[in-house]
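The lines below spell out each chain.
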Amino acid sequence: MTYDQLYEHIVAYVALPHTAITKHDKKRACLILGAFMEFNLDCLDEGVDPRTLDLTGFVNEKLDELEDK
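What counts and what doesn't
- Residues numbered from 1 in each chain as written.
- Predicted model: local features only at pLDDT ≥ 70, side-chain atom pairs only at ≥ 80, totals over all residues.
- Heavy atoms only, no water.
- Patch = residues over 30% accessible without salt bridge, like charges linked within 9 Å, V, L, I, M, F, W, Y side chains within 5 Å.
- Areas by Shrake-Rupley, 256 points an atom, 1.4 Å probe, with all protein chains shown as cover.
- Salt bridge = Lys/Arg side-chain N within 4 Å of Asp/Glu carboxyl O.
- Helix = DSSP H or I, 4+ residues; strand = E, 2+ residues; numbered from the N terminus.
- Expected span 1.5 Å × (residues − 1).
- Buried < 20%, exposed > 50% of the residue type's maximum accessible area, 1.4 Å probe, protein only.
- Lys, Arg positive; Asp, Glu negative; His and termini not counted.
- Charge placed at Lys NZ, Arg CZ, Asp CG, Glu CD.

A. Focus on a nonpolar patch on the surface. A cluster of nonpolar residues, F36, F39, V48, L53, L55, F58, V59, L63 and L66, forms a patch on the protein surface that exposes about 780 Å² of accessible area. Sorting the residues of the nonpolar patch by element identifies α2 (23-45) and α3 (56-68) as the ones contributing at least two each. With 4 residues, the single largest contributor to the nonpolar patch is α3. Looking at the element boundaries, F39 is found in helix α2.

B. Spatial organisation of α2. End to end, α2 covers 33 Å across 23 residues, agreeing with the expected 33 Å (1.5 Å per residue, within 8%). Looking only at α2, the buried set comprises D25, A29, N40 and C43. A positive backbone phi angle near 80 degrees is found at G47, which sits one or two residues after α2.

C. Expanded view of a negative patch on the surface. A contiguous patch of negative charge on the surface is contributed by E38, D42, D45 and E46. Note on placement: D42 falls in helix α2. By relative accessible area, D42 is classed as partly exposed at 41%.

And the structure:
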């Protein structure tokens, strides 16, 4: 996946449930990408290969928390 494709995916998720993409959605997508890049760089600084991480459980836990509220 290219950076552009990743950006487009994140923009679409940020905009959900709407299909119209706003400037605000695009800005939030950029902030998310920046935070994720910082996370990856921090992992590398700590000697952890980000490719070995599986965030599926963490993401599902956060989604479950939202459903419980």
